[in-house]
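Commentary on secondary and tertiary structure
Listed below are the residues making up each chain.
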Amino acid sequence: MVSSVGFSQVHLRQFALFCVAVSLLYKLTTLFQTSWLPYSLYAISDELLRFFSRKSYMQSLPQAPSQMPIFHKWLCVDVVIILTFYLAKIEMVPKRRGNGLNLTKLSLRSAAGALLLWGIVLNRLLLVIWFHPSPPIPPGIEFKDLTDSISNQVRDMKVQDVVSGRDPNTVDFYKVVADPEHVNIEFEIKHTRSAVAALNNKGRAYCINIHDDNDAAYLPLRLKGLPPWDLVMSRADFTDPENAEADTFLSRIHMRDLTKMPKDTITENSFASLRVTSYGVYRINGVYDADQVAGRTPGQNFSVVHGCPQAFWGENEETAVRDSLPISHGESRTPNRLQPVERHACVGHKAKNVLLQAVGIPNLTVQYMRKQADGPSTVSEVIIGESEPHPFAKADPDALQQYEISHPLELDFPTAGTFKHEIVSVKDGLGTTLRYGTTAVGDAKIANFDGDSLTYHIHPPPNARFSPDDSNPDGSLRIPVGDNCKDGAKAHFLVVFKGQPPFDLDYSFQAHDAEADSAPESRNFRVEENVARLPVYNAGIYTLTAVKDAHCSGRIGLPASRKVLPAYPPTLKFEAQPIYENCVGSVGTSMTFMLTGTPPFVVQYHQIRAATSTKPESKITRSINTSQSRHTMEVRPTEPGEYSYEFFLISDFYYPDGYTVHDATSTQVVHPQSSATIVNKDRIHTCPGQIGPLKVPVKLSGSAPWDLLVRLSTRINKVVWEQSFHIADEDWDITFEPPETAGRLTLELVQVTDQKGCSKLLENEQIEVQVMDEQPTVTFGNCSVDFLRGAEGALPITFTGTGPFNITLQKVKDGDHLGEEIPLTSRGLVTDFRRRDEGTFKITSLKDKHCNGIVTEPSQCTLKYIPLPTVFPDTQRSKADIRARTPSLYEREPICEDALDHFSLKFSGGMPFKFSYDILLDGKLLDSRSLAPPSETATLRLRSSPPGTYTYRVNTVGDRHYDNSVPAQAEDGKLISLVQKVLPSPVASFRSVQTLYKCQNEPLDSQGPGGKIPLELQGQGPFTVVIEIQRVGSGAKEKSIAKVLSDITGPTYMVSFDEYLSDEGAYDIRIASVKDSRGCDSGPRYWETAPDSSVAKLRIQVTGNARGAIASTDFEGPGGGVCVGDSLHLELVGKAPYFVSYEFGKGVRHLEITDPSLPYELYLDEPGRLRLLNVCHIRPGHCCSIPTERNEVEVRPLPYALFGSSINDTKPTYFISEDEEAQVAIQFQGTPPFTLEYIRKYRKDVHGEERAETFIETNVMQNTMVLKSQLEGSYKAISVSDKYCRWPSTPTSRKPVIRSKTNRL
């Protein structure tokens, strides 16, 4: 269905989409070919940022008031096109019936068509407006604004090439486009008035730092009128009373002197400064301008210059105020100045001898800062002097006298710390301030060095006390009396100090035995550390009285006193009582000791036994340790004889080296009770059938000889036998025959009787005798055990008896012959005999813990290996073409690549089986695999790609017993392997690049003669080759078989395809298949999977000749040429890359254009003539043509506008009266007529807003001109144009030309 305006619904949507594409293309082309590129770049930023910040940067850009920004116009076009598309989209919605929207299809399509036509018309109108010449730079725009915009644009743009005889990397594009030397014209016009001079308009006094020989004072001077100015000035030297009359001198101030004034004194452009280095009162008596016309000197017009005040710290021993003494002006004085030494004092100290001294004109105000380390800082102000404020308005020399004044200060220090007092500033009576340091504050003079400082280190008072850890809880201490003491001092007290070492400690001592009214003795002790040991030599009371550290006197802390008591030597007294027993008599001594001193006690004594006829004298030293003052001890010798006990030394806590004891001896005769003991009471075991008596060793003591009663009884106290033995020696063995009845018996020592007939019943002197009822036995538990080769086999062995068991085994060899003995020990009744070798083993002997045993049957058993699994080729299941080279190596017939083949293996052993094998290609490992076949046979699929010699090597085999760990060896000891050779498929490939190019009506540009392509063949000839040829994009698939011949035997064959390449376009050539004489075929499947299949393909591109020319828009400028700084656009037809040669000046350049999607530009930075020589495409020298139309263009230089030769200043200033006219000579370079554009900046009054206006001088036919003006202000040229070109250079307003390969010139 067709609408009333001739558009169908589908067509309307297509046109809407087309309009959107055209709008986008229009914006891109306009961006690269705009007439004013800076505006375009800013406009792009404006449009992008508009959707984010809602703020348009276009408001801050220079633009013509009557011209709407181009991107605003584009936005209108977009709105129209989008609305058109929206209406077209509504057409796809079914029409609603009833109330609501009731638009017919006809009305919708009519509206859409009308809006579409309006969008097309608006596009055309915008194109016309856009090609309008660029507007001039609006008024008020600085030259820098424009040059910055152009420089940013040029540095960011993608320059395709630079037409120059220099290296493109060395070309300064910014200098070409925006070099300010083209219009280096800037000057100023000022109106002159009557001269005015004012000195020191702020009414201040100025000083010179007496410590800086190069210091000077800068007097503010305000000047108006026509420079230079002549000032008549005078100076009254108030420092010399005898010559106080003023000296008059003349000072000339030039315009250039106005810039030499310090920044803090300049308030208007008409201010200068007068540098003076001498003291005095300066006045202006008159002023004359350049025409020697007298001017005015309003105000007081005088200034006082004097020496800056000084301040420093001093010290007065008498603590008195010094009188104010007049001194010579500017004299540097430091009376009684404190040396920069750090002082130390104590908390609470008051420094009363400090003076704050100042030199200057009173009154003097001194500020000093008190800084406390890690604490606050305070600033104090002291006013020194009692005179009235200085009458500065009169400038009375008598009142300008400097004085030296001292002011006493009292500095107090209530807390500890470091306090630094530093002078910050000093101010005199004239209001002049000298500030120390380098930081400027207000109008103060900077001294450039730190002020005088005074530092005090305030220390806290020290403290001393006794340590509570070195004495008894009551604070007392005891020391030995006499000379028997430790290392000189008898004791030490620990004294703990707080403060700064060294310390001087005073203490008093009162002896414990001194009279009640006697005065204590004072002593002194010097300490170098914070903890000291105070020596104690005598008993008494020690009291700490005073302490002093390196800086301060302190106080004594608690505890402050210690009491020392005398410790007397220990004493010993004892009583000895003999110990009697019936029949025997005295058997020992009981001693009771009474001790005095301080425990613990140690008493040492000698125990001496007198010599007899059979034994010599014996002497033993013993000691008694006790903490009690009363101690009891019993001494019972074991041998009879006469004993004496000599006590010779006693020691306690205070007398650790001991104190000698005199006359402390005790003597007695001892008859000890006889006794007998069994030496070893371990149980005795007897075995059945044991031969020989039993022996029990005993030890006797007392008076020999003895009668010993021995009894053997059962566990129920049934006496087996009882016997008395007469014994003469102390060591004796009881010998008796072993009992015959099995069981547990007890051998007991009952009674011993000595030679005096004294008997003693013995207790717990017995030993058990165990009579075994049977012998131990040993036997094998299982006589036939199978085990894995390489593992351990275990034969179980069982025992009876008491462990541990020791057996001996032997291996049976060759019948009944036995091998070496094998010992085995077991602590349990069951054990395993383990071996890694197979064979028969026999038990030969047994012994348990007590008895030899019996070997019972079975005494001989066998260990044997489980058979290993094996694998070998299954010739019945494999193909017949297999043969064995060796017992382990098999070989199959060769096969072609990608053929199918298999190989079968057979196993023996216990199912299930598993095995592993390697696949090697030409001796190199290709793959390793493991399989577990479900039966006794396994089939391996043999590989047939890639070609080569394959080896299948079976490494290991396993079964139910062996877990895939047995080497798969054949009879010769080698691994079983299969070898098969895979023949490679024949290969045909083109010996050429993958893409070839051919110009129409010319031979193919290939490596072979006559346009033929070499075809290389690999394999065993003769070959049959099938080649496919297909034209790209032709639709139908055309195939052709070329050269299917059996006589293609050579490795290279030349193929020609010229008969198929008559039409322009692309052709794909592909080798379809190759077959050799062995029957191996390389078909389509091979070329789809082979990694080098690309060599079997190539593409031939048949094209026409490339063409090129300069765009026609580049000839539309004035005089049919372009200017330096413009871009030259090329129109190219063909296929990228393009290769263009052109001549410029005296050189020939060559270009390579790789991106056909962008318009190509030549950026021109020098004047001259450019001519295109030839254009090629695809590669150099291929399908070339020589341009004959639009192949030359003239590049013209940019114009210059400079000052005339008579003007030497870079920015001259012209002073004229209000009725005069300034004339400035301008010189042009270029081709007339010229146009000069400049701006003037001015202010209506001093505090008014700066304004600007633009002037244009046009149609200047000469190379020189004179610019005339009566208006005051600052002038600056911003652009210059000649007949052909304009500076600043802006890109041409012509659109770039984009040509594709289908365009025609």
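Anyway, here's the lowdown on the structure attached to this text. These numbers come from a predicted model, not from an experiment.

To continue, consider the overall build of the protein chain. Helix and strand counts for the protein chain stand at 7 helices and 91 strands. Counting all 1305 residues of the protein chain, 42% fall into the buried class. For the protein chain, contacts bridging at least 24 residues in sequence account for 71% of all contacts bridging at least 6.

One pass over the full model with this rule turns up 8 disulfides. Each sulfur in the disulfide pair Cys 687 and Cys 851 lies 1.6 Å from the other. On the sign convention where negative is left-handed, the bridge of Cys 687 and Cys 851, at about -95 degrees about the S-S bond, is left-handed. Taken together, the positions of Cys 687 in the loop between strand E40 (684-686) and strand E41 (694-701) and Cys 851 in the loop between strand E54 (839-847) and strand E55 (854-855) put the pair 164 residues apart, joining distant regions of the chain. The partner cysteine of Cys 1123 in its disulfide is Cys 1285, sulfur to sulfur 1.9 Å. One disulfide, between Cys 1123 and Cys 1285, carries an S-S torsion of -95 degrees and so falls in the left-handed class. Separated by 162 residues along the polypeptide, Cys 1123 in strand E77 (residues 1122-1123) and Cys 1285 in the loop between strand E90 (1273-1281) and strand E91 (1286-1287) bring together distant segments of the chain.

Going from Pro 501 to Pro 502, the amide bond is cis rather than trans, its omega being 0 degrees. Position of Pro 502 relative to the elements: it lies in the loop between strand E24 (491-498) and strand E25 (503-511). Met 911 connects to Pro 912 through a cis peptide bond whose omega is 0 degrees. Tracing the sequence through the fold places Pro 912 in the loop between strand E61 (902-908) and strand E62 (914-921). Even without being glycine, Asn 764 reaches a positive phi, approximately 60 degrees. As for its position among the elements, Asn 764 is in the loop between strand E46 (759-761) and strand E47 (766-771). Positive phi, close to 50 degrees, is recorded for Arg 1190, a residue that is not glycine. Along the chain, Arg 1190 falls in the loop between strand E82 (1168-1177) and strand E83 (1192-1196).

Here the focus is the environment of Ser 425. With respect to the helices, strands and loops of the structure, Ser 425 is situated in strand E18 (residues 417-427). Accessibility expressed as a relative area gives 7% for Ser 425, which makes it buried. Taking the C-alpha atoms as reference points, Ser 425 and Tyr 436, 11 residues apart in sequence, are found 5.8 Å from one another. Beyond its immediate stretch of four places on either side in the chain, Ser 425 contacts Thr 365, Val 366, Gln 367, Thr 433, Leu 434, Arg 435 and Tyr 436.

What the 5 strands build is an open sheet, ordered E77-E83-E82-E79-E80; its pairing is mixed. Taken across any chain shown, the strands that pair with only one partner, and hence form the sheet edges, are E77 and strand E80 (1147-1153). Taken together, the 7 bridges between strand E79 (residues 1138-1144) and E82 define a ladder with antiparallel strand orientation. Each bridged residue has a counterpart across the sheet, and for Phe 1144 the counterpart in E82 is Leu 1170.

Among the nonpolar cores identified, the biggest contains 46 residues, and Phe 187, Leu 1128, Leu 1170, Ile 1226, Phe 1228 and Leu 1236 are the most heavily contacted of them. Counting 30 residues, the second-largest nonpolar core is a separate cluster that includes Leu 219, Phe 238, Ile 284 and Ile 361.

One pass over the full model with this rule turns up 30 aromatic pairs. With a centroid separation of 6.0 Å and 40 degrees between ring planes, the pair formed by Phe 574 and Phe 593 is classed as tilted. With a gap of 19 residues between them, Phe 574 in strand E31 (residues 571-581) and Phe 593 in strand E32 (residues 585-596) connect regions that are remote in the sequence. Judged by its relative accessible area of 2%, Phe 593 is buried. Three or more aromatic residues joined by ring pairs form one cluster here, namely Phe 187, Phe 1203, Tyr 1214, Tyr 1238, Phe 1255 and Tyr 1275. Of note, Arg 283 hangs over the ring of Phe 302, and the distance from its end group to the ring centre comes to 4.8 Å. Note that Arg 1196 overlies the ring of Tyr 1284, its terminal NZ or CZ placed 4.0 Å from the centroid.

This part covers the sheet that holds strand E64 (residues 937-941). Ordered in space as E57-E61-E64, the 3 strands form an open sheet in which the pairing is antiparallel. Of all the strands in the sheet, just strand E57 (870-873) and E64 have a single pairing partner and so form its edges. Ignoring which end each strand starts from, the neighbouring axes of this sheet average 30 degrees apart.

This part covers the pattern of salt bridges. Summed over all chains, the structure comprises 35 salt bridges. Salt-bridge contacts for Asp 731 lead to Lys 699; the nearest nitrogen and oxygen are separated by 3.2 Å. One end of the pair, Asp 731, is in strand E44 (residues 731-736); the other, Lys 699, is in strand E41, and 32 residues separate them in sequence. For Asp 731, a relative accessible area of 52% gives the class exposed. Classification of Lys 699 as partly exposed rests on a relative accessible area of 36%. A salt bridge links Arg 1099 to Asp 1068, with the shortest nitrogen-to-oxygen separation between them at 2.8 Å. Remark: Asp 1068 occurs in strand E73 (residues 1065-1075) and Arg 1099 occurs in strand E75 (residues 1097-1103); sequence separation between them is 31 residues. The partly exposed category is assigned to Arg 1099, whose relative accessible area is 32%.

Counting buried residues along E73, 8 of its 11 residues qualify, which places the element largely inside the surrounding structure. Relative to E73, strand E71 (residues 1024-1031) is paired through 8 bridges, and the arrangement is antiparallel. By the bridge assignment for E73, Arg 1031 is matched with Tyr 1067. Pairing between E73 and E75: 6 bridges, direction antiparallel. Pairing of Ile 1069 across the sheet is with Leu 1098, part of E75. Inspection of the sheet shows E73 paired to strand E74 (residues 1081-1082) by 2 bridges, in the antiparallel sense. Among the inter-strand pairings, Val 1074 is bridged to a residue of E74, identified as Ser 1082.

By secondary structure assignment, the location of Phe 187 is in strand E2 (residues 186-191). What makes Phe 187 buried here is its relative accessible area of 2%. On a C-alpha basis, the gap between Phe 187 and Val 1224 in space is 8.8 Å, while along the polypeptide they are 1037 residues apart. Residues within four places of Phe 187 in sequence aside, it is in contact with Phe 1203, Lys 1211, Pro 1212, Tyr 1214, Val 1224, Leu 1267, Gly 1273, Ser 1274 and Tyr 1275.

What counts and what doesn't
- Residues numbered from 1 in each chain as written.
- Predicted model: local features only at pLDDT ≥ 70, side-chain atom pairs only at ≥ 80, totals over all residues.
- Heavy atoms only, no water.
- Helix = DSSP H or I, 4+ residues; strand = E, 2+ residues; numbered from the N terminus.
- Buried < 20%, exposed > 50% of the residue type's maximum accessible area, 1.4 Å probe, protein only.
- Contact = heavy atoms within 4.5 Å.
- Disulfide = S-S within 2.5 Å.
- Pairing = 2+ DSSP bridges.
- Core = buried A, V, L, I, M, F, W, Y, C linked by side-chain atoms within 4.5 Å.
- Phe/Tyr/Trp six-rings, centres within 6.5 Å; stacked < 30°, edge-to-face > 60°.
- Lys NZ or Arg CZ within 6 Å of the ring centre and 35° of its normal.
- Axes fitted to C-alpha atoms, helices over the stretch in contact; angles between N-to-C directions.
- Salt bridge = Lys/Arg side-chain N within 4 Å of Asp/Glu carboxyl O.

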